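# Remarks on the overall topology
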Amino acid sequence: MKVIRLTLCDWRNFERVEYLPLPGVNVVWGQNAQGKTNLLEAVYIAGRGVSFRQGRDRDIVKSGRPQGRLSLDFVSGGRAQNIEVSLFADGRRKEMLLNGLPVRKTSELSGVFCTALFSPEHLSLVRDGPEERRKFLDAAISQLRPKYQAALADYARVLSQRNFLLKKGGGPTMPVWDERLAALGSYIVMMRGSYTAKLKKPAGAHHAAMSGGEALALEYKWFDEDEAALYDIKALKELFAKRLFDAAGRELEAGVSLVGPHRDDLELTIDGAPARIFGSQGQQRSAVLALKLAECEIAEETAGEPPVLLLDDVMSELDASRRAYVRKNIGDRQVVITTVSRTKSGVKMEGGKIIPCTST
């Protein structure tokens, strides 16, 4: 997959900008708050339909303008394609087009244009709470499996309704919501478990190569430990229903759902010790980098071609050996790297404008 042209109008701090990256490694440099991350965010939104940053779609529209527009020309599956996104300052729902046809759900973009993002925020993936690791798994799976993204949205709605009933002391419709929660939750757990199993080997290999042989191990921690049930959707749903039944009293007392993928975690250990607690800063960075490189490999294996790799000012967060490892393992992917360090190649970003380095 390769970006041919990115055009933005009234988008973040851009009035109008056109970016034409090369097939290989591309560097975008400039001081902070000039628009480098905004550029990567736009590529990410084109592929996934949502931003990796907090906030509302309306906040992306340039201040004082009614609408922000994005157009991405790219090559995927051996043919030229286009994605268009329109966001509105008045809060209207965003509009998306894929090759001129309306996209009704962001899940329709899954597998069409794949990206892998590594930003400074990802360095907290290891040391922060389970929610960050669940987000990592969900984002990685969603862009490859349309059904998964839809299931996540449905699960969130069911969970919200079920929690509302629990706060009210339950009710006659609780069994209906229990059944729906078990059905959706079982699928989510199975997909996360399967993805983690695929992630283990490449992530472990990358981490060992960077750390001189230290062993990075991954384990998906869910509401049970029955390995066989994790890959049998019928058995998993039955087990989920049983756990809900067993927890009924505690849930009514707590007023929230205590069983399900919304409480799961991806456990990371280095040489048998929890990385979150005992990992040094360098070890934690190696673990995150290993996860992101493994994510790239799985996306390439699933989609049949390498994803576009987006590196948002992460080189400054890595030491010389890890920077060298990233450069060595980029492969034949198209890569866009942002940095505050001036370079002789690439382009400069200044005040929402792209300036070729030869003119600076």
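Summary of the structure given here.

### Some details on the overall build of the protein
Helix and strand counts for the protein stand at 9 helices and 15 strands. For 360 residues, the compact-globule estimate of 2.2 N^0.38 gives 21 Å, and the C-alpha radius of gyration of the protein, at 22 Å, lies within 12% of that figure. Taken along its principal axes, the extent of the C-alpha atoms in the protein is 70 × 55 × 35 Å. For the protein, the proportion of contacts with a sequence separation of at least 24, taken over those separated by at least 6, is 70%. Roughly 16,800 Å² of accessible area belongs to the protein as shown, and the carbon and sulfur atoms make up 51% of that amount. Averaging the coordinates of the 52 positive side-chain charges in the protein and doing the same for the 45 negative ones gives two points 4 Å apart.

### A few points about the pattern of salt bridges
Note that side chains of opposite charge can pair when their charged atoms are close. Throughout the structure, instances matching the rule amount to 26 salt bridges. A salt bridge links D10 to R65; its shortest N-O distance comes to 2.6 Å. With D10 in strand β1 (residues 2–11) and R65 in the loop between α1 (36–48) and β4 (67–76), this pair connects stretches of sequence that are 55 residues apart. One salt bridge in this structure joins R104 and E108, with 4.0 Å as the shortest N-O distance. Each of the salt bridges in this network shares a partner with another, and the network as a whole consists of D224, K242, R243 and D246.

### Concerning helix α8 (residues 281–303)
Taking 1.5 Å of rise per residue, 23 residues should cover 33 Å, and α8 covers 33 Å from first to last C-alpha, within 8% of that figure. With its phi angle positive at about 85 degrees, G304 sits one or two positions after the end of α8.

### As for the sheet that holds strand β10 (residues 265–270)
Strand pairing in a sheet takes place through backbone hydrogen bonds and is either antiparallel or parallel in direction. Spatial ordering of the open sheet is given by β9-β10-β11, a layout of 3 strands whose pairing is antiparallel. Unpaired on one side and paired on the other, β9 (216–221) and β11 (273–274) mark the two borders of the sheet. Helix α4 (residues 174–211) rests against β9 and β10 of the sheet, and its axis sits at about 175 degrees to β9.

### Observations regarding the packing of aromatic side chains
One pass over the full model with this rule turns up 5 aromatic pairs. Aromatic pair F74 and F113: ring centres 5.0 Å apart, planes at 50 degrees, arrangement tilted. Of this pair, F74 sits in strand β4 while F113 is found in the loop between β7 (101–102) and β8 (115–118), placing the two residues 39 residues apart along the sequence. Comparing F74 with F113 shows no difference in burial state: the two are buried. Judged by centre distance (5.0 Å) and plane angle (75 degrees), the rings of W222 and F223 are edge-to-face. Among the residues examined, W222 registers a relative accessible area of 12% and is labelled buried. Of the aromatic side chains, those joined through ring pairs into one cluster are W222, F223 and F240.

### Overview of helix α5 (residues 233–246)
Over its 14 residues, α5 runs 20 Å from end to end, which matches the ideal 20 Å to within 8%, given 1.5 Å per residue. Those residues of α5 not exposed but buried are L236, L239, F240 and L244. Take α5 and look down its axis: the buried residues cluster within an arc of 140 degrees, on one side only. Opposite the buried face of α5, at more than 90 degrees from it, the exposed residues are K234, E238 and F245. On its buried side, α5 packs onto α3 (146–167), α4 and α6 (248–254).

### Some words on unusual backbone geometry
Of note, D10 is a non-glycine position whose phi angle comes to about 50 degrees, a positive value. Note on D10: relative accessible area 13%, which makes it buried. If you check the backbone angles, D313 has positive phi at about 50 degrees while not being a glycine. Along the polypeptide, D313 turns up in the loop between β12 (308–312) and α9 (320–328).

### Some points on the environment of R5
Mapped onto the secondary structure, R5 falls in strand β1. For R5, a relative accessible area of 29% translates into the label partly exposed. Between the alpha carbons of R5 and S321 there is a distance of 33 Å; along the sequence they are 316 residues apart. In contact with R5, other than residues within four places in its own chain, are E18, Y19, L20, S71, L72 and D73.

Rules used throughout
Residues numbered from 1 in each chain as written. Predicted model: local features only at pLDDT ≥ 70, side-chain atom pairs only at ≥ 80, totals over all residues. Heavy atoms only, no water. Helix = DSSP H or I, 4+ residues; strand = E, 2+ residues; numbered from the N terminus. Rg over C-alpha atoms; globule rule 2.2 N^0.38 Å. Contact = heavy atoms within 4.5 Å. Areas by Shrake-Rupley, 256 points an atom, 1.4 Å probe, with all protein chains shown as cover. Lys, Arg positive; Asp, Glu negative; His and termini not counted. Charge placed at Lys NZ, Arg CZ, Asp CG, Glu CD. Salt bridge = Lys/Arg side-chain N within 4 Å of Asp/Glu carboxyl O. Expected span 1.5 Å × (residues − 1). Pairing = 2+ DSSP bridges. Axes fitted to C-alpha atoms, helices over the stretch in contact; angles between N-to-C directions. Phe/Tyr/Trp six-rings, centres within 6.5 Å; stacked < 30°, edge-to-face > 60°. Buried < 20%, exposed > 50% of the residue type's maximum accessible area, 1.4 Å probe, protein only. Arc of directions from axis to C-beta.

Shape descriptors only; they carry no functional weight alone.
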